[in-house]
Every structure is written in structure tokens, then in C-alpha cells.
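# Examining the three-dimensional arrangement
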Amino acid sequence: MEDAIRMIWPSGVDGMDSVKQLIQSRSISQVVSRRSIETLVARAEENSNGAKAVATAFLVLQLIVVIAILVTLDYTLDKIFPVLAMIEDEAPPSYAAVGSKEAEELEDLAGNKDAPVDDDPSPRPKPITRSLRSIYRHVRSISGKKSLFRGFICWVVYNITLIPITLLLVSIPFIPVFVAAPIATLLTAPLYTAWVHIVITKPSEKYFWHRIPRFGLVFRATALPTLILGIVDGVKDKLYSGMVNWGPLGTYAHEDNSVPTFLLKSALALLIWIFVQIPLEVALTRVQASMLPKEDETIVPLDHALTLHKDEGKEYVSLLDAWKSFSRGAWVRLMNVYAMTIMICVMVYVVLGCIAVAEFMLMPFIFNSSGNAQ
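## Focus: the overall build of the chain
When you go through the chain residue by residue, the secondary structure sums to 12 helices and 0 strands. Along its sequence from the N terminus, the chain presents helices and strands in the succession α-α-α-α-α-α-α-α-α-α-α-α. For the chain, the proportion of contacts with a sequence separation of at least 24, taken over those separated by at least 6, is 77%.

## Considerations on the pattern of salt bridges
Inspection of every chain in the model, using the stated rule, returns 9 salt bridges. As a salt-bridge pair, Asp296 and Arg211 come within 3.4 Å of each other at their nearest N and O atoms. With a gap of 85 residues between them, Asp296 in the loop between α9 (259-290) and α10 (308-311) and Arg211 in the loop between α7 (189-200) and α8 (215-241) connect regions that are remote in the sequence. For the pair Asp296 and Arg211, one class covers both residues: buried. Across the pair Asp303 and Arg286 runs a salt bridge whose closest N-O atoms are separated by 2.6 Å.

## Observations concerning the nonpolar core
Membership of the largest hydrophobic core comes to 54 residues, with the highest contact counts inside it found for Phe81, Leu84, Ile87, Trp195, Ile200 and Leu334. Elements that contribute at least two residues to this core include exactly α2 (10-87), α4 (132-143), α5 (152-170), α6 (177-187), α7, α8, α9 and α12 (328-373). Ranked by residue count, the leading element in this core is α2, at 10 residues. Beyond its immediate stretch of four places on either side in the chain, Leu334 contacts Pro82, Ala85, Met86, Ile278, Val282 and Phe326. Grouped together as the second largest cluster of nonpolar side chains are 7 residues, Leu229, Leu239, Ala269 and Ile272 included.

## Concerning the packing of aromatic side chains
Summed over all chains, the structure comprises 14 aromatic pairs. Residues Tyr75 and Phe152 carry aromatic rings whose centres are separated by 5.2 Å and whose planes lie at 85 degrees to one another, so their mutual orientation is edge-to-face. Placement of the pair is Tyr75 in helix α2 and Phe152 in helix α5, with a sequence separation of 77 residues. Judged by its relative accessible area of 33%, Phe152 is partly exposed. Ring geometry for Trp155 versus Tyr158: centroids 5.6 Å apart, planes at 40 degrees, classification tilted. Here the residue Trp155 and the residue Tyr158 both occupy positions in helix α5, the gap between them amounting to 3 residues, near one helical turn. In this structure, Trp155 and Tyr158 share a single accessibility class: buried. Feature note: the residues Tyr75, Phe152, Trp155, Tyr158, Tyr192 and Trp195 constitute an aromatic cluster, connected by ring pairs.

## A few points about the confidence of the model for the chain
The predicted model of the chain averages 78 in pLDDT, with 70% of residues at 70 or higher. Per-element confidence in the chain is highest for α7, whose mean pLDDT is 95, and lowest for helix α3 (residues 100-111), whose mean pLDDT is 47. For the stretch residues 94-104, pLDDT sits under 50, and the model shows 5 contacts to residues farther than four places along the chain or on other chains. Every residue in residues 243-254 is under pLDDT 50, and counting partners more than four places away or in other chains gives 14 contacts.

## Observations regarding α9
For α9, spanning 32 residues, the distance from its first C-alpha to its last is 45 Å, which sits close to the expected 46 Å at 1.5 Å a residue. Trp273 marks the point of greatest bend in α9, at about 40 degrees.

## What to know about a positive patch on the surface
On the surface, a cluster of positive charge is contributed by Lys126, Arg130, Arg133 and Arg137. With respect to the element layout, Arg137 can be found in helix α4.

## A few points about α7
Helical periodicity: at 3.6 residues per turn, an α-helix aligns residues three or four positions apart in one direction. Taking 1.5 Å per residue as the helical rise, α7 with its 12 residues ought to reach 16 Å, and the 17 Å between its terminal C-alpha atoms agrees with that figure. α7 sits mainly inside the fold: 12 of its 12 residues count as buried. Where α7 is concerned, the buried positions are Ala189, Pro190, Leu191, Tyr192, Thr193, Ala194, Trp195, Val196, His197, Ile198, Val199 and Ile200.

## Topic: a nonpolar patch on the surface
A contiguous nonpolar patch, built from Phe178, Val179, Ile183, Leu187, Phe215, Phe219 and Leu227 and spanning about 580 Å² of accessible area, is present on the exposed surface. Sorting the residues of the nonpolar patch by element identifies α6 and α8 as the ones contributing at least two each. The element that contributes the greatest number of residues to the nonpolar patch is α6, accounting for 4 residues. Relative to the helices and strands, Val179 resides in helix α6. By relative accessible area, which is 32% here, Val179 ends up partly exposed.

## A word on the side chain of Thr201
Among the structural elements, Thr201 can be located in the loop between α7 and α8. A distance of 2.9 Å separates polar atoms of two side chains, one belonging to Thr201 and the other to Arg211. In contact with Thr201, not counting residues within four places along its chain, are Arg150, Arg211, Leu292, Asp296, Glu297, Thr298 and Ile299.

## Some points on the packing of α7 against α9
Contact geometry for α7 and α9: axes closest at 9 Å, N-to-C directions at 75 degrees. If you check the angle between α7 and α9, you find them roughly perpendicular. Of the residues in α9, those touching α7 at Tyr192, Thr193, Val196, His197 and Ile200 are Thr285, Gln288 and Ala289. For the contact of α7 with α9, the per-class residue count stands at 4 nonpolar, 4 polar and no charged.

## Re the environment of Ser266
By the secondary structure assignment, Ser266 is in helix α9. The class of Ser266 is partly exposed, set by a relative accessible area of 25%. A C-alpha to C-alpha distance of 9.2 Å links Ser266 and Lys236, two positions 30 residues apart in sequence.

About the criteria used
- Residues numbered from 1 in each chain as written.
- Predicted model: local features only at pLDDT ≥ 70, side-chain atom pairs only at ≥ 80, totals over all residues.
- Heavy atoms only, no water.
- Helix = DSSP H or I, 4+ residues; strand = E, 2+ residues; numbered from the N terminus.
- Contact = heavy atoms within 4.5 Å.
- Salt bridge = Lys/Arg side-chain N within 4 Å of Asp/Glu carboxyl O.
- Buried < 20%, exposed > 50% of the residue type's maximum accessible area, 1.4 Å probe, protein only.
- Core = buried A, V, L, I, M, F, W, Y, C linked by side-chain atoms within 4.5 Å.
- Phe/Tyr/Trp six-rings, centres within 6.5 Å; stacked < 30°, edge-to-face > 60°.
- pLDDT = per-residue confidence, 0-100.
- Expected span 1.5 Å × (residues − 1).
- Bend = angle between axes of the 7 residues up to and from the residue.
- Patch = residues over 30% accessible without salt bridge, like charges linked within 9 Å, V, L, I, M, F, W, Y side chains within 5 Å.
- Areas by Shrake-Rupley, 256 points an atom, 1.4 Å probe, with all protein chains shown as cover.
- Lys, Arg positive; Asp, Glu negative; His and termini not counted.
- Charge placed at Lys NZ, Arg CZ, Asp CG, Glu CD.
- Polar contact = N/O pair within 3.5 Å; in protein donor to acceptor, adjacent residues only side chain to side chain.
- Axes fitted to C-alpha atoms, helices over the stretch in contact; angles between N-to-C directions.
- Parallel < 35°, antiparallel > 145°, perpendicular 65-115°, else oblique.
- Nonpolar A, V, L, I, M, F, W, Y, C, P; charged D, E, K, R; others polar.

Below you can see the structure in the form of C-alpha cells.
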């Protein structure tokens, strides 16, 4: 049949062959192109999933780093360093006041002309808490980086204990938060005192619960400043949060979120922190440091005014003596520590904020591209 058609219309048969070849070639090319497209889509999905996994891992790692930075700022710089500045001795041991026996020996040496005279006295050592850098180097030299978080476990236990006690007291009728918080702080004062002792002393083999002083001793020494400090903390927190706005004669007024009101509350909270809270913390910390056992050695020279009471048979220094013995130079060092801490915190928060904004703008493109590819 095909031969007869070829004899009658040879060009037609050749055309049919060409058509068959064309159809076969197109079908093959369609199959190949379809497989190529599927391969490309699969590769695109793999790449998008890989980019999404990398972005997620990066965010998790970054979150861990940010938490570590914030803990270091809040615990090491804001809590450990100021405590050391509050209890360091203004005069080094070589320049400490001498007793009557030492004074007589100095007079004998002065009367003896043949006694050797030191024409090149050693320079007076500088305080360790004169700057954040010197405090950081000194604390880190004790036991490495972990020394920057000294007493952290005790601090966590203290806060874990403080919160449920506060909530339990608040659940009692007619006891508001600003009353329950100081009472809870007073009940957990021995834990806080143990934390202060751990922070200011060299590493010990004792567990922190073995270093908790007697509740009666802590209560007699720190009850008044602890209660006042708890009330001040509550007032300052209310000012910062802006949750409560009291009108004339103690009546409750509507919340005012205007800029002048915010600035006024912030300024008032700052003044309370500088002129009320910090002095109370200084006096309280120095009283707690005076209860340190004799066998514990401090990592900075302990103010000799915090040890004189032991010669008189007292268990702790009085609140008034702790306040009066804090010299002007010590105040300058402490405020310098706070100022540098605030400056570093602001810088870190600005950098972290810029990074967060940049990631907030870039991450949607990464996750949306992976979703579109799927």
C-alpha cells in the first residue's frame, strides 16, 4: 500500500515520514523539558529549604548570644561591680591606720638617727574599682571568665524564692504589692546576704547554703534598710511602668501618656534612684559585708571601717556607721561605675536594636522566597 502511494505520490509519503519524525521529536523534547523543569523546581526547593534552615539556625544562635550579653550587662556590670565598689577600702593595707604599738615603734625609729631611711617609698596603689576595666581584669584574674558570674546560682535561687513568697503574700486579703514586696525581701534577706558574701570573697569549697547567716542576725542588722529599699523599689517601678496615676488627694485618675508626663515620671524615678535607692543600697551592702566571717578573704581590700566593730565584740556595723564611713572618693568611684555601666548598656542596646531592625526587614524576603518556591 505504501509502495503504491509512493509510486502515485512519492513526495506525500516522504512528507508523512517527516511528520512522524517531527511528532516523535516534539514528544521527546516535551518529556525532556518537563523533566528538566521538575529537576530545576526540586533544586530550587532544596536551596530555599536550605536557606530557611540556615536563617533559623542563625536566629537561634543569635538569640543565645543576645541572652548571654544581656545577662552579662545586668548581672556582672550592674550587680557585681557596684558591690565591689561599695566595700573596697579607700586606703590600701600599707597605708592603713596604725595602732598604738606600731606608733611607738615608728617613734623609736624616728629617734634613732642610725636607722635606715627609705628615700624611695613605694607608690600608693590605686583602688581596683577605679574603672570598669580594672574591675573586669581583677575579677577575671581570679578564676577566669566564670568569675564574672560569681554567685549566679545563689542569685537565681534568691529570685526564685522571692517571687513565690511575694505572690503568696499578695494573695492574702488587704495586702497590696507594695507592702508584700518589702516583706518578701526581708524574709529572703539571709539569701541576699549570702550572695553578697560570695561576690566579695575568694572562691570557696562551701556550698552557698552553708554560707547563709542566721536569720535573727540578718533581721537585726538589715531590717530597716531592707524594708525602706523595698518600698522605694515599688515606688520607682510604678513610676517607670506608668500603670498607676494618682490624682489629687490620693484619688485614682485616668492614665496620662503624654510626653511631659512621661518625662516628669522618668526624671522623678531617676532622682529617687540617685538620691534614695543608691545610698540605701550602699548602707545595706556595707552592713551585710560587715557580717562576713573572719576566715573569708575578700577579693578587694575590705574597708577597715567594716571590721573595727569586731574588736569591740559586735556582730555587725551599725547602719549609721556604714553610711558615715563611706568616703567621698568611694562615692566618686561608685558613681563612675554606674555611669560607665549606663553608657555601655545604651551602646549595646542601640547596636542590638539596629541589628533587630535590619533582620526584621530582611527575614520576610528569605521566608517568602522559600514559600513561593514551594
